[in-house]
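Residues per chain, in single letters:
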Amino acid sequence: MTETDDHRCDVARCVDTTRADAPLRHMVTVLDTQESFACRSDESLLAGMVRLGKRGIPVGCRGGGCGVCRIEVVRGDYVRHKMSAAHVDATDLSNHRVLACRIVPAGDLEIRVLGRMAQHVCAPPATDSAG
Ligand code: FES
């Protein structure tokens, strides 16, 4: 598993986030629920998660400042943009615990959801009591 800061290229597979090529689509699997979704290489993981259609996925600042979208990348490559040290410290980063709104996939990913995100993503589907 590799992660790449915006433009740093210290990994075997360099990801140049400034390229104007058409974005690639990668599959992301949420291990907690075994759900998968496609996420483009030019959009945040959080944007892709929102498309899962789960009610109550916490979407906060979308800018790395509120910490509501914590996840752990278990497998796969990604590009990490700057995020608040108040929510993700050096230990978190070394364990690939990041903010979904501040990473983009650079390949297929397997993730786990953490904190408030887990409470919503892993909640059983709401049953329709109408009828
Ligand atoms: S939505 Fe606020 S840190 Fe991700």
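The notes below deal with the structure included here. (Residues numbered from 1 in each chain as written. Predicted model: local features only at pLDDT ≥ 70, side-chain atom pairs only at ≥ 80, totals over all residues.)

1. Structural notes on the overall build of the protein
Here is step 1 of the chain: Scanning the protein for helices and strands turns up 3 helices and 8 strands.
Here is step 2 of the chain: Each helix and strand of the protein, ordered N terminal to C terminal, gives the series β-β-β-α-β-β-α-β-β-β-α.
Here is step 3 of the chain: Sorting the 131 residues of the protein into buried and exposed places 30% on the buried side.
Here is step 4 of the chain: A separation threshold of at least 6 residues defines the contact pool for the protein, and within that pool the share at least 24 residues apart is 64%. (Helix = DSSP H or I, 4+ residues; strand = E, 2+ residues; numbered from the N terminus. Buried ≥ 20, exposed ≤ 12 C-beta atoms within 10 Å, placed from the backbone. Contact = placed C-beta atoms within 7 Å.)

2. A short note on the environment of Ala86
Here is step 1 of the chain: Tracing the backbone shows Ala86 in the loop between strand 5 (78-80) and helix 2 (90-94).
Here is step 2 of the chain: Residues Ala86 and Gly64, spaced 22 residues apart in sequence, show a C-alpha to C-alpha distance of 9.8 Å.

3. A closer look at the sheet that holds strand 4 (residues 70-75)
Here is step 1 of the chain: Strand order in the open sheet formed by 5 strands is 3-2-8-4-6, with mixed pairing between adjacent strands. The sheet terminates laterally at strand 3 (35-40) and strand 6 (97-99), the two strands that pair on one side only. Direction aside, the axes of adjacent strands within the sheet are offset by 40° on average. (Pairing = 2+ DSSP bridges. Axes fitted to C-alpha atoms, helices over the stretch in contact; angles between N-to-C directions.)

4. Some points on the nonpolar core
Here is step 1 of the chain: Ranked by size, the top nonpolar core spans 26 residues in total, and within it Leu45, Cys69, Ile71 and Ala100 carry the most contacts.
Here is step 2 of the chain: Mapped by element, the contributors of at least two residues to this core are strand 2 (25-30), helix 1 (45-50), strand 4, strand 5, strand 6, strand 7 (103-105), strand 8 (109-113) and helix 3 (115-121).
Here is step 3 of the chain: Residues within four places of Ala100 in sequence aside, it is in contact with Ser44, Leu45, Leu46, Met49, Cys69 and Ile71. (Core = buried A, V, L, I, M, F, W, Y, C linked by C-beta atoms within 7 Å.)

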